[in-house]
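# Chains, contacts and geometry: an overview
So you can see what is in the structure, the chains are spelled out below.
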Amino acid sequence: MNQLSVKSKYGICVMMSLAENHSNQPLQIKQICQKHHIPQNYVEQIVLELKKAKLIKSFRGAYGGYKLNKEKNKIRLWHIINCLEGESKLTSG
C-alpha cells in the first residue's frame, strides 16, 4: 500500500484550513502555516499548484489570501492528491 507524500499531507491540511474558514476574508498563508506548523515556503509552492488546478483562488492586497474555488462538499481527496502528485500516484501500487 502506498503512503501519502508529505506534499499531499500538507496539501490536504491547506485545503482543510480553507474549508474550515467561515469568515468572508481570504485565509493568508501565514495563518495556515501557524495552524499546521508547516514551513511557509512549502505552503507557497502547494498553493500555486492548487491554484493552477483551479481548486483554490487567490486574492491580492493587504487582506488578500486564498479561498476554495468550489463548494467544499464538491472537492474530493483524490482531486488534491491528483493535483499534487499526478494520477500515477493514485493508480500505482
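Each remark here, short or long, concerns the structure printed above.
Since the structure is predicted, the reported quantities are computational estimates derived from the model, not experimental observations. (Residues numbered from 1 in each chain as written. Predicted model: local features only at pLDDT ≥ 70, side-chain atom pairs only at ≥ 80, totals over all residues. Heavy atoms only, no water.)

## What about the packing of helix H1 (residues 6-20) against helix H3 (residues 40-52)?
At a minimum axis distance of 10 Å, the contact between H1 and H3 shows a crossing angle of 75 degrees. The angle between the axes of H1 and H3 places the two elements in the roughly perpendicular class. Here Val6, Lys7, Tyr10, Gly11, Val14 and Met15 of H1 come into contact with H3, specifically with Tyr42, Val43, Ile46, Val47, Glu49 and Leu50. Looking at the contact of H1 with H3 residue by residue, the class counts come to nine nonpolar, one polar and two charged. (Axes fitted to C-alpha atoms, helices over the stretch in contact; angles between N-to-C directions. Helix = DSSP H or I, 4+ residues; strand = E, 2+ residues; numbered from the N terminus. Parallel < 35°, antiparallel > 145°, perpendicular 65-115°, else oblique. Contact = heavy atoms within 4.5 Å. Nonpolar A, V, L, I, M, F, W, Y, C, P; charged D, E, K, R; others polar.)

## Side note on the environment of Lys70
Residue placement: Lys70 occurs in the loop between strand S2 (65-68) and helix H4 (77-85). With relative accessibility at 36%, the residue Lys70 sits in the partly exposed group. Spatially, the C-alpha atoms of Lys70 and Ile56 are 7.5 Å apart, while their sequence positions differ by 14 residues. Apart from the residues lying within four places of it in its own chain, the contact partners of Lys70 are Leu55 and Ile75. (Buried < 20%, exposed > 50% of the residue type's maximum accessible area, 1.4 Å probe, protein only.)

## As for helix H2 (residues 29-36)
All of the buried residues in H2 are Ile29, Ile32 and Cys33. Here the buried residues of H2 occupy an arc of 100 degrees about the axis, which is enough to place them on one side. Along its buried surface, H2 packs onto H1, H3 and S2. His37 occupies a position one or two residues after H2 and carries a positive phi of about 55 degrees. (Arc of directions from axis to C-beta.)

Nothing here speaks to function; it is all geometry.
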